[in-house]
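Chain and residue survey
The primary structure of each chain is shown beneath.
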Amino acid sequence: MDLRKISLATLPGVGPKRLESLKSLGIENVYDLLFYFPFRYEDMEAKSLNDATDQEKILLKGVVASDPVVFRFGYKKNRLNVRILVENESVMVTFFNQPWLKDKFETGSEVAIYGKWNENRRSLTGIKVIDVNSDDSIDSVYSVNKNIHQKTLINLIKLAFEKYHQQIETVIPDFLREKYKLLNDEQIVEGIHFPKTADQSDEARRSAKFREFFLFQCGLQSIKLEDSQKNIGINEEYDQEFINKFVNELPFQLTKAQNRVVKEILDDMSSKHHMNRLLQGDVGSGKTIVSVIAMLASVTAGYQAAIMAPTEILAQQHFDKISKLLSPLKIRTALLTGSQTKKEHDFITQDIANGKTNVIVGTHALIQAGVDYKDLGLIVIDEQHRFGVNQRKAMRQKGNNPDVLAMTATPIPRTLAITTYGDMDVSRIDQLPAGRKKIETYWIRSQKIQQMYQFVAKELSTGAQVYVVTPLISESEKIDLKNAELIYDKFTELFGQKYKIGLLHGQMPNDQKESVMNDFSNKEIDVLVSTTVIEVGVDVPNASVMVIYDANRFGLSQLHQLRGRVGRGEKQSYCILIADPKNEAALERMKILTSTNDGFVLAEEDLKMRGAGDLLGNRQSGLPEFKVGNPINDINILEVAQEEAKNLFEDKKLMNSSKTEVLRSFIKDEFDQLNNFD
Ligand code: ADP
Ligand code: MG
C-alpha cells in the first residue's frame, strides 16, 4: 500500500487542528510521519561518574539520600534540591521550576535522573526523572515547533507504526539489500524511532542513509537520462582547422591535460546533446585558454559565446586578453559590466542583440533583463563557485538552451562532485604548465613582521613583483580601507624611494582600478597593496611574492586562491602568511597551508572544517539537505549509492522489471523534495 496516499486523519485523535500542526512540520501523510526521523537520541544508559565530562548530559542512577527540599525565589520561581548517593558519592541534584517532582523522591529508594553534569561542583542539573524499571534505554528527540510537543509526536508515530507497519513498502530492491546487508523499510522505521540499543539505531541509520542517498542518485540519473533523450542541445559544427591554427600560434604549447579537456569539451559541443560540463583545474592550471578555444569553436560554428566572471577586475582582465587573442581573427569581442554608463550599455547590448558581437565578456550584467542575445551557443561561467545557484540558472536561460561550461579553481571535493554537480560531466586539468615551480609558503606571527619586510626587500631587488593583501576585517568597508591604506603607507615609507607602490580596493572607481591593474601587469608598479578584490582569477605571471595579512581570518580555499595569484611564471614564488591564530582551527589552517600546495587536499580539508554551505559561500550551495545521511561524513555510503544507481540505470531490463517497481514510484517524489532549495 502506498502510505504516501494515506491521510493522517486515519489515526485516532487526529483532527483538523492536529493535521494543521503536523503540516507545519512538513508531515502531510502517514509515510511522512513514519519517515520523520529524530535528529538525535538521548542515551539513557547510566554512566559512571568517573566517565562523565563537564556539561555532558548523563543518566545518573543512585539512591535518594535525603528528603527533597524546594526553595522558592522570585515570582513563580523555585528550585528543588535532593541528594543522591551514587557509587558512594553524594551528588546534589537540582531541578528548576518542577516542584511537583518532590513526590518522586523517597529517602532510600532507587532513582534514575537524566541531567547535565557539572564537573566542578560535582552536581547535576536535572532534566527529567526516569522510571528505573523502564527498559527504554534510548530516547528519540525530534525537531518540533510550537504547534506540537515531542510527546504528542512520538505518540503519533507509535500509533502510525502500530497501525501500518505491515504496509510499509521497501524501496531498495532486494538484490541490493542483500548485497549490502540492509534492513527493509519497516525495520528501518522501527530501528530509528524505537531503538532498544545504540547498535540497533546505528544499524537502522546505516540502511536509511543508503536508502536516502540511493534515491537521490537515482533522481540524478533520471534527469541525465531525460536530458540525453531529448536531444535538445545545440549541435555546434565548428571549424577544426581554424582552431588548430589558433592553437598552434599560441605563445605556448598546451599541456597534455589541456589538450585532453579541449577535446572533451569540443566533442560535447558538437554532439546533439546539451552540454553541461564542469571544468575543474587548480589555480594557474590554464583554464582560461581552454575556454577561449571553446568560445572560438562556437563562433566558427556561427554562434555567439559569452563568459561571465564574478568581479569587474577579472572581467576586464579576461576582456583584455581575449580581445587581444581574437581580434586578429576578425572576431568581435565586447565587455559588459554593471558600471558602464547607460549610453555605453545600450550601444553594447544593441550589438549583442543584432549579432555583430561574437564574444561577450562580462560580470553578472550579462544575465540582467534587457540583455538579449542573437544566437548564444556557449556560456562559460568562470569561477563558478562564486555564483549562486540562481545566477547560474539565469545564465542558462539566456538564449536557446546553450551549452554550458562552468569553470572552477576550487577543486570539487568528492562529496559535492557526487551531489551538487552530480548531473554535470566533469573535465579535469590535473597538470600545471611545464616549468612551474612549487610555491614556498611560510607562516610568521605578526611580532616577526620585520622578517617579512627584509624578505620583500630582497625579492624586490631581484626584480620580483609583490602582492600585499589585507582581508575584509570589519563590516565597514571604510575601516577596511583604512587598514589597507595604513599598510600602503608603511610600504611606501620602507620601499617608496626605490620602488613604485600601488593601492587597489573595491571602492575605487572602475577606470582607476583598471589603470592600477594595468600598471601592475606592465610592471610599472612593484608592490600592489590590495584588499581581496584580487582574490579570484587575476593573472600577472611576473608577480612572485604574495604577502597575506591577518591570514587567520581567511578560509583555506580563499587562502589557496590568493596564493594562486603567484607561481604563474618561471620565477620561484613565495607566499607569506602573517597570522596570530586565536583558535585551533585557524592554527590548523596555517599548518595545512604551509604543508601542501595541492588544491584538492585543501578543499577536502576545508569542507571537513567548515561544512559545505560555508565552503560555497552561502546556504545556496546547492548541497541537498539530506535527512539522515551527511554527505561529508558518509561519503563512502554516498559513493556506493552512486555507483549502484548508475549500474541500475544502465540495466534497462532490470530497471523496467517488477523488482524495481516501488523504487520507480519513489524516485521522482523524493528527488523533488531534496531539490526544492532553489
Ligand atoms: P587558471 O586556471 O587559474 O584560470 P589561467 O588560465 O589564468 O589559470 O592561466 C595561468 C597562466 O598560465 C596564464 O598566464 C596563462 O597564459 C598561462 N598558461 C596557460 N596555459 C599554459 C601553457 N600550456 N603553458 C604555459 N603557460 C600557460
Ligand atoms: Mg582563472
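Refer to the structure presented above.
In what follows, the accompanying structure is described. If you're wondering where the values come from, they're calculated on a predicted model, not measured in any experiment. (Residues numbered from 1 in each chain as written. Chains lettered and ligands numbered in written order. Predicted model: local features only at pLDDT ≥ 70, side-chain atom pairs only at ≥ 80, totals over all residues. Heavy atoms only, no water.)

What to know about the overall build of the protein chain
Scanning the protein chain from N- to C-terminus turns up 23 helices and 21 strands. Relative to its 678 residues, the protein chain shows a buried fraction of 51%. As displayed, the protein chain has an accessible area near 32,300 Å², and 48% of this comes from carbon and sulfur atoms. (Helix = DSSP H or I, 4+ residues; strand = E, 2+ residues; numbered from the N terminus. Buried < 20%, exposed > 50% of the residue type's maximum accessible area, 1.4 Å probe, protein only. Areas by Shrake-Rupley, 256 points an atom, 1.4 Å probe, with all protein chains shown as cover.)

Re the side chain of His 193
Tracing the chain through its elements places His 193 in helix 5 (residues 185–193). Not counting residues up to four positions away in its chain, the partners in contact with His 193 are Leu 33, Leu 34, Tyr 36, Phe 37, Pro 38, Ser 140, Tyr 142 and Ile 157. (Contact = heavy atoms within 4.5 Å.)

Observations regarding the pairing of strand 19 (residues 527–530)
The two faces of strand 19 match: Val 527 and Val 529 on one face and Leu 528 and Ser 530 on the other face are all buried. Bridging between strand 17 (residues 465–469) and strand 19 involves four bridges; their strand directions are parallel. Its bridge partner lying in strand 19, Tyr 467 is registered against Leu 528. In this structure, strand 18 (residues 501–504) lies alongside strand 19, joined through four bridges in parallel fashion. Bridge pairing in strand 19 places Gly 502 opposite Leu 528. Viewed along the sheet, the connection from strand 18 through helix 16 (residues 510–521) into strand 19 turns out right-handed. (Pairing = 2+ DSSP bridges. Right-handed = clockwise from strand over helix to strand, strands pointing away.)

Section: the pattern of salt bridges
Scanning the entire structure with this criterion turns up 19 salt bridges. Across the salt bridge formed by Arg 122 and Glu 119, the nearest N and O atoms sit 3.4 Å from each other. For Arg 122, a relative accessible area of 24% corresponds to the partly exposed category. Between Lys 209 and Asp 634 there is a salt bridge, with its nearest N and O atoms 3.3 Å apart. (Salt bridge = Lys/Arg side-chain N within 4 Å of Asp/Glu carboxyl O.)

Some points on the sheet that holds strand 14 (residues 403–408)
Strand order in the open sheet formed by seven strands is 11-12-10-13-14-9-15, and the pairing between neighbours is parallel. The outermost strands of the open sheet, each flanked by one partner alone, are strand 11 (333–336) and strand 15 (425–429). The mean angle between the axes of side-by-side strands here comes to 20 degrees, regardless of whether they run parallel or antiparallel. As judged from the five bridges shared by strand 9 (residues 276–281) and strand 15, these two strands associate in the parallel manner. Each residue of the ladder has a partner; that of Gln 280, found in strand 15, is Arg 428. (Axes fitted to C-alpha atoms, helices over the stretch in contact; angles between N-to-C directions.)

Examining the site of ligand 1
As a matter of local geometry, ligand 1 sits amid 17 residues, with Gly 284, Lys 287, Thr 288, Arg 436 and Asp 539 nearest to it. Thr 288 has a polar side-chain atom sitting 2.7 Å from an oxygen atom of ligand 1. Measuring from an oxygen atom of ligand 1, one finds a side-chain N or O atom of Arg 568 at 3.0 Å. Taken by itself ligand 1 offers 570 Å² of open surface, and the protein chains cover 85% of this. Each residue belonging to the shell around ligand 1 can be placed in one class, and the counts come to five nonpolar, seven polar and five charged. (Near = heavy atom within 4 Å. Polar contact = N/O pair within 3.5 Å; in protein donor to acceptor, adjacent residues only side chain to side chain. Nonpolar A, V, L, I, M, F, W, Y, C, P; charged D, E, K, R; others polar.)

Remarks on the packing of helix 7 (residues 240–248) against helix 9 (residues 287–300)
Between helix 7 and helix 9, the least distance of the axes is 10 Å, while the angle of their chain directions is 150 degrees. In terms of their interaxial angle, helix 7 and helix 9 are classed as roughly antiparallel. In the packing of helix 7 onto helix 9, the handedness of the crossing is right-handed. Residue-level inspection shows Phe 242, Ile 243, Phe 246 and Val 247 of helix 7 in contact with helix 9, the latter providing Ile 289, Val 292, Ile 293, Leu 296, Ala 297 and Thr 300. Residues belonging to the contact of helix 7 with helix 9 are distributed by class as follows: nine nonpolar, one polar and no charged. (Parallel < 35°, antiparallel > 145°, perpendicular 65-115°, else oblique. Left-handed = near helix turned anticlockwise from the far one by under 90°.)

Focus on a nonpolar patch on the surface
Among the surface-exposed residues, Val 69, Phe 71, Phe 73 and Phe 96 lie close enough to one another that they form a single nonpolar patch of about 330 Å² accessible area. Ranked by residue count, the leading element in the nonpolar patch is strand 3 (residues 69–73), at three residues. (Patch = residues over 30% accessible without salt bridge, like charges linked within 9 Å, V, L, I, M, F, W, Y side chains within 5 Å.)

A few points about the sheet that holds strand 16 (residues 440–444)
The parallel open sheet is built from six strands, whose spatial order is 16-21-20-17-19-18. Here the strands that pair on one side only, and so sit at the sheet edges, are strand 16 and strand 18. With direction set aside, neighbouring strand axes in the sheet form an average angle of 15 degrees. Alignment of strand 17 against strand 20 (residues 543–548), held across five bridges, turns out to be parallel. Directly across from Val 469, in strand 20, lies its bridge partner Ile 548. Across the sheet, helix 14 (residues 449–461) touches strand 16, strand 17, strand 19, strand 20 and strand 21 (574–578), and the angle it forms with strand 21 is around 160 degrees.

Some words on the nonpolar core
Counting 56 residues, the largest nonpolar core has Leu 33, Leu 34, Leu 153 and Phe 214 as its most contacted members. For this core, the secondary-structure elements that each account for two or more residues are helix 2 (30–34), helix 3 (150–164), helix 5, helix 6 (198–230), helix 21 (635–650), helix 22 (652–655) and helix 23 (661–674). Here this core gets nine residues from one element, more than from any other, and that element is helix 6. Setting aside residues no more than four positions away along its own chain, Leu 34 makes contact with Leu 3, Ile 157, Ala 160, Phe 161, Ile 168, Val 189 and His 193. Tyr 238, Met 275, Leu 335 and Val 361 belong to the second-largest nonpolar core, a separate cluster that totals 40 residues. (Core = buried A, V, L, I, M, F, W, Y, C linked by side-chain atoms within 4.5 Å.)

Overview of the pairing of strand 6 (residues 110–118)
With seven of its nine residues buried, strand 6 lies for the most part within the structure. The sheet contact formed by strand 6 and strand 7 (residues 123–130) spans seven bridges and is antiparallel. Bridge assignment links Gly 115 to a residue of strand 7, and that residue is Gly 126. As consecutive antiparallel partners, strand 6 and strand 7 are separated by four residues, and within that stretch Arg 122 has a phi angle of approximately 45 degrees, a positive value.

Quick look at unusual backbone geometry
A positive phi angle, close to 70 degrees, is found at Gln 55, a residue other than glycine. Mapped onto the fold, Gln 55 is located in the loop between strand 1 (40–43) and strand 2 (57–64). Unusually for a residue other than glycine, Asn 88 sits at a positive phi of about 70 degrees. Position of Asn 88 among the secondary structure elements: in the loop between strand 4 (77–86) and strand 5 (89–96).

Some thoughts on helix 16
Each turn of an α-helix holds 3.6 residues, which means side chains three or four residues apart point in the same direction. The end-to-end C-alpha distance of helix 16 is 16 Å, a good match for the 16 Å that twelve residues give at a rise of 1.5 Å each. Among the residues of helix 16, Lys 513, Val 516, Met 517 and Phe 520 are the ones counted as buried. The arc that holds every buried residue of helix 16, seen down its axis, measures 95 degrees, which confines them to one face. Buried residues along helix 16 sit against helix 10 (312–326), strand 17, strand 18, strand 19 and strand 20. Looking one or two places after helix 16, you find Lys 523, whose phi comes out positive at around 65 degrees. (Expected span 1.5 Å × (residues − 1). Arc of directions from axis to C-beta.)

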